[in-house]
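Working through the structure, step by step
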Amino acid sequence: MTHAPEADGERLRAALPAPDDAVMSRLHSRLAAQAGAAGILDVAYRTLDSPVGSLLLAATEKGLVRVAFAVQDHTLALRQLAERVSPRVLRAPARLDEASRQLDEYFAGRRRLFDLPLDWQLSRAFRRDALARLPEIAYGHTASYAQVAAAAGSPRAVRAVGTACATNPLPLVVPCHRVIRSDGSMGRYAGGTGAKRFLLDLESAA
């Protein structure tokens, strides 16, 4: 009597031991370390739980390249990193340890300025110029889109500043949440208006 190949395959799979999460984690960590040592870990990433939801953090060897909110779809963000930066993307939390620590301190109210190397390659031309002005907005303060446009050297480029903030690849660290409309209303935010309100309240309370 012969057995169908599919049935034999099912029996073999059933006989295999269940995956050991601890072993898999160690193997993954070893892979990440070896990839980094070999210089082939172009983009490392990890997730971080925060009061505004899960954050995706990604970094190249140059510095932090992406911060994404859960509402922006982490899977999509990773796909975009693979397309725009490098296909060699791997979960390797160690490279993001310092960024994670500083973000934790920020949410705990113990940090007002971030001191991290940044990789700006996902933002170019005027958008990058506008975003580069945002850290000048002091913790606990806000500025209008028009004020940021003027600071970036293009007073009439108010809409372009809005686009720069909406496409900011490094929210929180590059504080686009501090940019509001001239009438005092919050305006839109990549992490959602609830997240923007939380961040502004967090800073104003301090």
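Structure report, in brief. None of these values were measured; they are calculated from a predicted model.

On to the overall build of the chain. A tally of helices and strands in the chain yields eight helices and six strands. Order of helices (α) and strands (β) in the chain, N terminus to C terminus: α-α-β-β-β-α-β-α-α-β-α-α-β-α. Across the 206 residues in the chain, those meeting the buried criterion constitute 41%. By sequence separation, contacts in the chain at least 24 residues apart represent 61% of the contacts at least 6 residues apart. Total accessible area on the chain is roughly 11700 Å²; 53% of this is exposed by carbon and sulfur atoms.

Taken together, four strands build an open sheet; the order of strands is β3-β2-β1-β4 and the sheet is mixed. Of all the strands in the sheet, the pair left with one neighbour each is β3 (64–69) and β4 (89–91). The mean inter-strand angle of the sheet, taken between neighbouring strand axes irrespective of direction, is 25°. Here strand β1 (residues 43–48) runs beside strand β2 (residues 55–59); their pairing, made up of five bridges, is antiparallel. Counterpart to Thr47 in the pairing with β2 is Leu56.

Moving on, we come to helix α3 (residues 74–84). For α3, the full list of buried residues reads His74, Ala77, Leu78 and Leu81. Seen from one end, α3 has its buried residues packed into an arc of 100°, which puts them on one side. Counted as exposed and oriented over 90 degrees from the buried face of α3: Thr75, Glu83 and Arg84. The N-terminus of α3 is capped by Asp73, whose side-chain oxygen sits 3.0 Å from the backbone nitrogen of Thr75.

With that settled, the discussion passes to helix α8 (residues 193–205). In this model α8 runs 18 Å from its N-terminal to its C-terminal C-alpha over 13 residues, within 8% of the 18 Å that 1.5 Å per residue would give. Taken together, the buried positions of α8 are occupied by Ala195, Lys196, Leu199, Leu200, Leu202 and Glu203. Across the axial projection of α8, the buried residues extend over an arc of 155°, all falling on one side. Facing away from the buried side of α8 by more than 90 degrees, the exposed set consists of Gly194, Ser204 and Ala205.

Turning next to the nonpolar core. Membership of the largest hydrophobic core comes to 44 residues, with the highest contact counts inside it found for Leu57, Leu64, Phe107, Leu134 and Leu172. Counting residues per element, the ones that place at least two in this core are β1, β2, β3, α4 (97–107), α5 (125–133), α6 (145–151), α7 (158–166) and α8. Ranked by the residues each element gives to this core, the list is headed by α4, at four residues. Filtering out sequence-adjacent residues up to four positions away, Leu57 remains in contact with Ala44, Tyr45, Arg46, Leu48, Leu64, Arg66, Val67, Leu96, Ala99, Ser100 and Leu103. Val65, Ala77, Leu78 and Leu81 belong to the second-largest nonpolar core, a separate cluster that totals 10 residues.

What counts and what doesn't
- Residues numbered from 1 in each chain as written.
- Predicted model: local features only at pLDDT ≥ 70, side-chain atom pairs only at ≥ 80, totals over all residues.
- Heavy atoms only, no water.
- Helix = DSSP H or I, 4+ residues; strand = E, 2+ residues; numbered from the N terminus.
- Buried < 20%, exposed > 50% of the residue type's maximum accessible area, 1.4 Å probe, protein only.
- Contact = heavy atoms within 4.5 Å.
- Areas by Shrake-Rupley, 256 points an atom, 1.4 Å probe, with all protein chains shown as cover.
- Pairing = 2+ DSSP bridges.
- Axes fitted to C-alpha atoms, helices over the stretch in contact; angles between N-to-C directions.
- Arc of directions from axis to C-beta.
- Polar contact = N/O pair within 3.5 Å; in protein donor to acceptor, adjacent residues only side chain to side chain.
- Expected span 1.5 Å × (residues − 1).
- Core = buried A, V, L, I, M, F, W, Y, C linked by side-chain atoms within 4.5 Å.

Purely spatial values, then, with no claim about function.
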